[in-house]
Amino acid sequence: MRWHKYLLCLFLVFFGAQGLGDPYKILGVLRSATLQEIRKAYKQLAKEWHPDKNRDPAAENRFVEINQAYELLTDPERRKHFDTFGVAMEEGSQFRKKEDYSQYRRFDPLDELFGTQAGGYKFRFQDRDITLFHKLRVSTRAYENKLVPKSYEVPYLIMFYSDWCFACLQVEPIWRRVIEELEPIGFGIATVHAENEPLLARKIGIHSLPCLVVLMDGKASVYKETLYSVQKVVEFVRGRFPYRLVQPVTDDGVDAFLNGWIDNRVRALIFERQESIRLRYLLMAFYYRDRVAFGFVQLNSPHTENIQKKFKVPLDIETLLLFNENINRSVASLSMADMPIKTMQDIINSNKYLVLPRLSSQGMFDALCPPERAPPRKRLCVVLVSENTPYHDEPRQALREFAQEAPYSAERVRFTYIFQERQTEFVSALANGEGSPAEPLLHVVIIWRRDNNHIKYEWLPHMWHGAKSHEWNETRDRLESTIQRLLHATEALSCEAVIKELIDEHAQGIMSKILAKLLQAADNITKDQLLPVLSIMATILFIVAGGYVLSYIVRMEEESIKKQQFTNAQNVAEESVPSNDNNNRKAKAAVPQLRLLHELRAETYNGMVRMLKPGCRTIVVLVDNQSKTKLLPDFHRIVWPYRKNKTLMFGHMSLERGLDWYKCLLTLSLPEPRDLNINPRNCIGTVLSLNGHRRYFCMYHAKHPECIKGKGSKRMVKMTKHFSNAVDGTNGAFMGFDTSESDDTETSDLEQGSRLLDDASLTAKYSNVVFQGNLLDGLPNWLDRLFEGTTHRYYINYWPDFASK
């Protein structure tokens, strides 16, 4: 039994406090050490001298001293007392806090009575408590305002617990071991009291307590396994990282990986002997994913021998190589048996940008060209405006070589380039200033940011030429002299502009995100889960295929019904033609099958006009038996591009059937109703747009003032006044209005026009005559204005009845 060891620990704690030496020396920190440095030193020493891990006979005494020193230095009152008087605060002092030794394993005679066996761990009430969970607790506000924003760079492991949760006490040692494994490599650790934060627990979907959650990219993933172990938790955490965060690299794909820097990211190769990359490197790749693309090379694999020989990588230790645009030579390297996190971060931070990076997002712009409100000296950003084409590779390479040879530090001058077609607003804002080139493409602009939205800039007067150009030396000298001039504090940049945020060129679309989720889920599927997943996918495919077949059947049925309706309408039209009129029969036979058009008559009137849904309209052309063979095909051809618009219905009306309805419709639209005589021949070619729900119509006619070019909208307004004030019987005759008795016996304009074809000398006299073939010439333009809402609307109180004949 080991209970005597714990009694010894308690004895040393209670009676050895006055014999405590210098706590700063015990922890190995300076007197000016911060609380964070003290805590870090304590964790290292406690882990090293813990009695369960260190077999040294003096480990227990050393462990107690470390804890006493840590408790003294973390208590502000006791630390101040020690710094002032050189001794620890006495036991009886009123400022001394009651020391907590609950973390030590203590012997309890009642342990055998109340001890339980569960999950392979002997559960002891005295050995475990809820204190560890309380120390790491966060509130809902802290979760949403701090943890969620930080989770885009650092993943968090969160444990949901509650008081008097015996299962929580049971997993406490495993939770402690998980913290020891994941916190040193960069994981964030936190706990949430589920009873005090019920809304947060419900939002995340906590099913039971304790419950482990991984927060990454602002999304919480719940650990649903019933058995808690360090290995299972680590595997669960691995599966939450984005898909292909670290790409496996072999001899065949190393060149393609290193040449992928066009995405504006530095390349990093990690060499290690394990088959799967270590979790610490995954965390590093997650933190720097916007700046660095990581690749994994397995040292023991026969498919990576050429990579190892090319870069002279040692086989017995792990190696990190960083590459910029030069894929044949690394810009930084690190080889150690166990690479420290801090060392890797320092190397990556020093080399996380290309020699010539691209301004591809607002974050990149802020990092390369940060705003300076009151700088002691200006920080310039040299930008080459180019396009994403191989023809501009040479000018970009010339600026890249200039940046490598330039004597300026990155803190004073940063060289970049931008794609004009992707950042049009940014380039346009710079191209509007005085002295800006007419075409900014392949020109260099020097920028200094005053704040987030205001910049001062100056263009180089001449185009930027490549290194192979004979003007290269002059171009280079001009840029160098301009930079040196603008670096002086007394020199000011000539132009100023207000800019908006840059577009994020690397943002994923919806389909890309869905595909990434599917690929990630496919990688995490085990053999036991394969059959259920295949069953679900087969069910989804069956449902989609069934829906497609049903929609196809419905569409074919609709087409069949429309075809039958048109056939019936065609038969009705044929019946109206006299049997002894061979010319009319030949003309009717020449009418093609116009499936898009429906005839407006008494049987279809309610469906085409009165019962139209809100927002729907019916467009109807007025014809007679003689003109329908010519006008219907022309009307069908004009409205054919609008056939897929579900809010439109197209038709035709025979004047022999609907002349009375048309006369009543026109009468209702007049401000003062009066009797009208209609000349049917002057109504041919009129097009009506009927809005059944809102009870108004729009009208097209070749002689309508609204449809005559150059007449303007004012004449259209006067037209309605002429309808109500006409006394001579001539106004409105172009649409069929005719109050003169003599006109019924005279020939119409169309009939006169047919006679004028043979007599060119009379054409000037009757220049206002419109021929039948030209009645619908202006209809396409009128339809455009109709859909724009600029045509005149004639409102009526109700729709007149359509009498059947």
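Here is what the cut-offs are and how they apply
- Residues numbered from 1 in each chain as written.
- Predicted model: local features only at pLDDT ≥ 70, side-chain atom pairs only at ≥ 80, totals over all residues.
- Heavy atoms only, no water.
- Helix = DSSP H or I, 4+ residues; strand = E, 2+ residues; numbered from the N terminus.
- Buried < 20%, exposed > 50% of the residue type's maximum accessible area, 1.4 Å probe, protein only.
- Contact = heavy atoms within 4.5 Å.
- Patch = residues over 30% accessible without salt bridge, like charges linked within 9 Å, V, L, I, M, F, W, Y side chains within 5 Å.
- Areas by Shrake-Rupley, 256 points an atom, 1.4 Å probe, with all protein chains shown as cover.
- Salt bridge = Lys/Arg side-chain N within 4 Å of Asp/Glu carboxyl O.
- Core = buried A, V, L, I, M, F, W, Y, C linked by side-chain atoms within 4.5 Å.
- Axes fitted to C-alpha atoms, helices over the stretch in contact; angles between N-to-C directions.
- Parallel < 35°, antiparallel > 145°, perpendicular 65-115°, else oblique.
- Left-handed = near helix turned anticlockwise from the far one by under 90°.
- Nonpolar A, V, L, I, M, F, W, Y, C, P; charged D, E, K, R; others polar.
- Pairing = 2+ DSSP bridges.
- Expected span 1.5 Å × (residues − 1).
- Arc of directions from axis to C-beta.

Quick word on the environment of valine 254
At step 1: If you trace the backbone, valine 254 turns up in helix α13 (residues 254–258).
At step 2: Owing to a relative accessible area of 8%, valine 254 belongs among the buried residues under this scheme.
At step 3: Residues valine 254 and isoleucine 307 lie 53 residues apart in sequence; the distance between their C-alpha atoms is 7.6 Å.
At step 4: Ignoring any residue separated from it by four or fewer positions in sequence, one finds valine 254 in contact with Val249, Leu269 and Ile307.

Re a nonpolar patch on the surface
At step 1: A grouping of Tyr548, Val549, Leu550, Tyr552, Ile553 and Met556 is seen on the molecular surface, where their side chains present a nonpolar patch of about 620 Å² in accessible area.
At step 2: You can see tyrosine 552 is positioned in helix α22 (residues 527–575).
At step 3: Tyrosine 552 sits in the partly exposed class, given a relative accessible area of 40%.

So, the nonpolar core
At step 1: Core analysis: the largest hydrophobic core is formed by 56 residues, its most contacted members being Leu157, Trp175, Phe187, Leu212, Phe241, Phe294 and Met344.
At step 2: Here this core takes seven residues from helix α14 (residues 279–287), the largest share from any one element.
At step 3: The contact partners of leucine 157, leaving out residues within four places of it in the chain, are Trp175, Val178, Leu182, Gly188, Ile189, Ala190, Leu212, Val213, Val214, Val233 and Val237.
At step 4: Counting residues in each nonpolar core, the second largest holds 49 residues, with Leu597, Ile678, Ala702 and Trp799 among its members.

Things to note about the packing of helix α18 (residues 393–405) against helix α20 (residues 472–486)
At step 1: In the contact formed by α18 and α20, the axes pass within 12 Å of each other and the chain directions differ by 50 degrees. Regarding the angle of α18 to α20, the classification is oblique. The element α18 and its partner α20 pack so that their crossing is right-handed. Taking contact as the criterion, the partners of Ala398, Leu399, Phe402 and Glu405 in α18 are, on α20, Trp472, Arg476, Leu479, Glu480 and Ile483.
At step 2: Along the lines of polarity and charge, the residues of the contact of α18 with α20 split into six nonpolar, no polar and three charged.

As for the pairing of strand β6 (residues 219–222)
At step 1: One ladder, built from four bridges, connects strand β5 (residues 211–216) with β6; its direction is antiparallel. For valine 214, the partnering residue across the bridge sits in β6 and is serine 221.
At step 2: Taking the residues that link successive antiparallel strands as the turn, the β5-β6 hairpin has two residues, and the phi of aspartate 217 there is positive, at about 55 degrees.

Quick word on the packing of helix α3 (residues 35–49) against helix α4 (residues 59–74)
At step 1: Interhelical geometry of α3 versus α4 gives an angle of 165 degrees and a closest axis separation of 10 Å. One element, α3, and the other, α4, form an angle in the roughly antiparallel class. Seen along the crossing, α3 lies across α4 with a hand that is left-handed. For the pair α3 and α4, the contacting residues are Leu35, Ile38, Arg39, Tyr42, Leu45, Ala46 and Trp49 in the first and Ala59, Arg62, Phe63, Ile66, Asn67, Tyr70, Leu73 and Thr74 in the second.
At step 2: The residue inventory of the contact of α3 with α4, partitioned by class, reads 11 nonpolar, two polar and two charged.

Brief notes about the sheet that holds strand β15 (residues 454–459)
At step 1: With mixed pairing, the five strands of this open sheet are ordered in space as β13-β12-β14-β15-β16. The strands lining the two open edges of the sheet, one partner per strand, are β13 (413–419) and β16 (495–498). Recorded for the sheet is a direction-independent mean angle of 35 degrees between the axes of neighbouring strands.
At step 2: In terms of strand pairing, β15 meets β16 through four bridges, oriented antiparallel. Following the sheet pairing, lysine 456 is matched in β16 by glutamate 496.

Thoughts on the pattern of salt bridges
Here the idea is simple: oppositely charged side chains can pair when their charged atoms come close.
At step 1: Using the criterion set out here, one finds 30 salt bridges in the structure.
At step 2: Aspartate 22 is the salt-bridge partner of arginine 31, the closest N and O atoms lying 3.9 Å from each other.
At step 3: A salt bridge links arginine 637 to aspartate 634, with the nearest nitrogen and oxygen atoms 4.0 Å apart. Within this pair, arginine 637 and its partner aspartate 634 are both found in helix α25 (residues 628–639), separated by three residues, close to a single helical turn.
At step 4: The class of aspartate 634 is buried, set by a relative accessible area of 15%.
At step 5: Via salt bridges that share partners, Arg278, Arg280, Glu318 and Asp338 belong to a single interconnected network.

Details of α3
At step 1: With 15 residues, α3 extends 21 Å from end C-alpha to end C-alpha; this agrees with the ideal 21 Å at 1.5 Å per step.
At step 2: What α3 keeps buried is the set Ile38, Ala41, Tyr42, Leu45, Ala46 and Trp49. Take α3 and look down its axis: the buried residues cluster within an arc of 130 degrees, on one side only. For α3, the exposed residues lying more than 90 degrees away from the buried face are Gln36, Lys40, Gln44 and Lys47.

Considering the environment of isoleucine 174
At step 1: Counting through the fold element by element, isoleucine 174 comes out in helix α10 (residues 172–182).
At step 2: Along the sequence, isoleucine 174 and valine 233 sit 59 residues apart, while their C-alpha atoms lie 9.8 Å from each other.

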